[in-house]
Structure formats: C-alpha cells, structure tokens
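Single-letter residue listing:
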Amino acid sequence: MLFINAARSYIRKIAVEHPTDLVVKMRHLLRSKHVFLLAICVTVGLLTFYHFLFWTSASAKQDDGERSESTHRPTEMYFPVIHKCPFPRGEKLRPDDHIDNSLDLWSRQDVETCTPWRAPIMWDEMFQSDVYEKYYSEKGTSVALTVFAVGRYLEIYLADFLTSAEQHFMVGLPVDYYVFTDVPTNVPSIQLAPKRTLQVIGVKKYTRWQDISMMRMETLTETIENLISKRNEYVFCLDVDQFFVGPFGCEALGDSVAQLHAHYYKKDAPFTYDRNPKSMAYMEEGDYYYHAAIFGGTWQSVKNITQSCLQGIETDKENGVEALWHDESHLNKYFFLHKPSKLLSPEYCWANEIGYRSDVHVRRLIWAEKHYNALRDPQR
C-alpha cells in the first residue's frame, strides 16, 4: 500500500507541474534506476483504468434498468460471485435454543455463510469458540477421530498428523483416535493429553483404489457399530496426508458434516462429479463439491454415510464400473441426496498450493506435501 500511495503521488506531481512533459518524465524513469517504481505506476494506472471502465459501464446499464448477463461475465471470470446467506438478518437456522443459533451469519460479507437448506458454512468470525466448547463440555461429549495409514503413508504422514491433532483437534473434549494400518507395530508413540486415547486396528493393504475405498468404508462401518457407538457421540473421518495448524474445535460438530473442497468453494470451476451414467456415483448437477479428506457427524449419521458409499462402490465393482474419484464421488452423491447439516469452509482443509485468498483468514488443517515417488516405490 505504501508503494501504491507513493506511485500515485509521484504521477500526480508530474501531471500537475508538467502536464505536457509526463511522457518525457516516464522515459527518464525508464532510463534511470527507478524501473521498479515505474512498474508500480503502470500497474496502478491499469487497475484504475479497469475500475473506471467497468463501473462506469455497469452504472450506465443499471440506470437504464438493464442487468444483462454480459455485464457481469467478465468480472465473474476473475472475481466469482459469492452468494451470501439468503435469510433475513437475525433469523435463526435451527429451532429453539440450538447451539448453532449463536452463529453470526452476517458477520462475513465476503463469503457464503449458509446454504439454501439452512445449514451453516463455518467461517472464522462467525462463532465464539468458548461458547461451543462450554456447550459440548457440559454435555460430556466425546469425539472419535479415524485415520487410515497404510503402506508408506504411515511412515511419512502419521506422526505429524497425530502430533498436530493433539495440539489443535477438539482440545477441550475427550478424543479417541482410531488408527487403521497394515503394520500396527510401526505406529509411532504419541504423548496424549488426559481423556484422550489411541487404538490401533489392523487392516489389509490393497493396491487398487476401488478396493482401498471399499476396505475403508467397510472398516469404518464395522468400527462405528462395534466400538465407536459405545464410546463416542461424534465421529470425524480424516485422510492422513494432512496436518493441523490451527484450532479445529467444537464448532465443527454437527449431525452430518461435509467439507467444502478448497479448489471448488468459489464455484468458479466445473465440479468434478462422476458423469458416467453407469456408476452409482453419477451426478448431472449438485449443490457444492465436497472433499472426502474430511467428513463427520454423529456416529449414526456417519455410519449411514459409510454404508451408502460402500453399497455404491460394491455395485459399481459388480458392474465393472469405477467412479471417477472413487469414494469422494460416492460421498458427493450421498450429500446431494442427503443434505449435510453443517459445511466446513476451506479453512478446515486448505491447500497451500492455491496461494493467498483474502477470504481465508485462518488455516486450521492443511494438505501435506505429496511424496508420490516414495509412496509408489514398492522397494522403499
């Protein structure tokens, strides 16, 4: 901002004192050592010109009562339209004294904070962490966190995942970790806080993604029914190749919780649904694109999710079909048919490769670096 202000002042000074000599001054700048300042001047000029050109044109059309699609397409290409909460200010999403009624859906004017079916989309500044923590602590809530670490994923990612989870995941609540791996003896020892446990469950290693997806959904269904349902009210299922960097708290709890994919939350690119009509995951259209790296909810809801996805994958395999993005494609189909009660913004699963985004104020969980060569090398 300081550079921009300085550039503006410099141009204004030249234009006032030597209005006919502006071009000469610019040439002098180019020959001098002030090339960086010149670049800033040109950038500011172009941005100012674009702003003036667009808003003048748009204002003229609006004055004539016109609001055509062509007026907005150029800006939507670079600045996608974000639809805010469609409900009147102060209206409650839930009946009675539901904890989510404490959300301030109108605190953020730059992002979508709720869905048409009245599910909140959780963003920073919308909630008070202590309010949620107090509410769920007083209810004696406990949470299960499941993660698969098979093959090289255990060695490369699991320690960082668990260590960071102890620092940031549901810190005020009892948490039971369920680690599924083909090498139980290699699970690292992690110092756990009081009322937090870790249970290791052996699973078979598969190489084909369809078989891996089937194994995951079947294992989760059985574990929820046999173990989690007897200990925990809520379950979160996460991929291991990510790690926590900020508070991932009780505000994320809900009946059924879906994660907006970081690459598609602005709806500025076609969603990668499965377009094969022969697949059980087939979708022509949808509401959002969800990331399978995180999903959760009450144990009953998550069991329904895993059972449904498992059935879809099994049917596809019987028919010789494989969904485009495997379990993620089936998960998107499920959440389209059975709307999630809460959506997590990209803050809860961010990809640093995307770069800076002004609407992402906090990063709570980020994708780890993908070591594809090591992961795919059978000799290592």
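Rules behind the numbers
Residues numbered from 1 in each chain as written. Predicted model: local features only at pLDDT ≥ 70, side-chain atom pairs only at ≥ 80, totals over all residues. Heavy atoms only, no water. Helix = DSSP H or I, 4+ residues; strand = E, 2+ residues; numbered from the N terminus. Buried < 20%, exposed > 50% of the residue type's maximum accessible area, 1.4 Å probe, protein only. Contact = heavy atoms within 4.5 Å. Areas by Shrake-Rupley, 256 points an atom, 1.4 Å probe, with all protein chains shown as cover. Axes fitted to C-alpha atoms, helices over the stretch in contact; angles between N-to-C directions. Parallel < 35°, antiparallel > 145°, perpendicular 65-115°, else oblique. Left-handed = near helix turned anticlockwise from the far one by under 90°. Nonpolar A, V, L, I, M, F, W, Y, C, P; charged D, E, K, R; others polar. Core = buried A, V, L, I, M, F, W, Y, C linked by side-chain atoms within 4.5 Å. Pairing = 2+ DSSP bridges.

S.K.: Describe in detail the overall build of the protein, supporting the description with residues and values.
M.R.: Assigned secondary structure in the protein consists of ten helices and ten strands. Sorting the 380 residues of the protein into buried and exposed places 46% on the buried side. The long-range share in the protein, meaning contacts at least 24 apart out of those at least 6 apart in sequence, stands at 73%. Working note: accessible area of the protein is about 20,600 Å², and carbon and sulfur atoms make up 54% of it.

S.K.: Kindly report on the packing of helix α8 (residues 299-318) against helix α9 (residues 327-337), identifying the contributing residues and their values.
M.R.: Their axes nearest at 9 Å, the elements α8 and α9 cross at an angle of 125°. As judged from the angle between their axes, α8 and α9 are oblique. Taken as a pair, α8 and α9 cross one another with a handedness that is right-handed. Counted together, S301, N304, I305, S308, C309, G312, I313 and D316 of α8 and D327, H330, L331, Y334 and F335 of α9 form the full contact between these two elements. Broken down by class, the residue content of the contact of α8 with α9 amounts to six nonpolar, five polar and two charged.

S.K.: Describe the packing of helix α7 (residues 209-226) against α8, listing the residues and the values that go with them.
M.R.: Angle between the axes and distance between the axes: these two values describe a pair of packed helices. Two numbers describe how α7 lies on α8: the axes approach to 9 Å, and their chain directions differ by 150°. Judged by the inter-axis angle, α7 sits roughly antiparallel to α8. Where α7 crosses over α8, the two elements pack in a sense that is left-handed. Judged by residue contacts, Q210, D211, S213, M214, M217, E218, L220, T221, I224 and E225 of α7 engage W299, V302, K303, T306, Q307, C309, L310, I313, E314, D316 and K317 from α8.

S.K.: Tell me about the nonpolar core, residues and numbers included.
M.R.: Counting 90 residues, the largest nonpolar core has F169, M170, F236 and F248 as its most contacted members. Y264, Y273, M283 and Y289 belong to the second largest nonpolar core, which has five residues in total.

S.K.: Describe unusual backbone geometry, and please don't skip the residues or the numbers.
M.R.: Backbone geometry at D96 places phi at a positive 55°, although glycine is not the residue there. Counting through the fold element by element, D96 comes out in the loop between α4 (69-78) and β1 (121-122). A relative accessible area of 65% places D96 in the exposed class. Backbone geometry places H326, a non-glycine residue, at a positive phi of 55°. Note on placement: H326 falls in the loop between α8 and α9. H326 sits in the buried class, given a relative accessible area of 19%.

S.K.: How would you sum up the sheet that holds strand β3 (residues 175-181)? Please name residues and give values.
M.R.: Reading across from one edge, β1-β9-β7-β8-β5-β2-β3-β4 is the order of the eight strands in this open sheet, with mixed pairing throughout. Whereas interior strands pair on both sides, the edge strands pair on one side only; in this sheet they are β1 and β4 (196-202). The pairing of β1 with strand β9 (residues 342-344) spans two bridges and is classified as parallel. Following the sheet pairing, I121 is matched in β9 by L343. Across the sheet, helix α6 (residues 152-168) touches β2 (143-148), β3, β4 and β5 (234-238), and the angle it forms with β3 is around 175°. The strands that α8 touches are β5, β7 (256-260) and β8 (290-298); relative to β8, the one it contacts most, it runs at about 140°.

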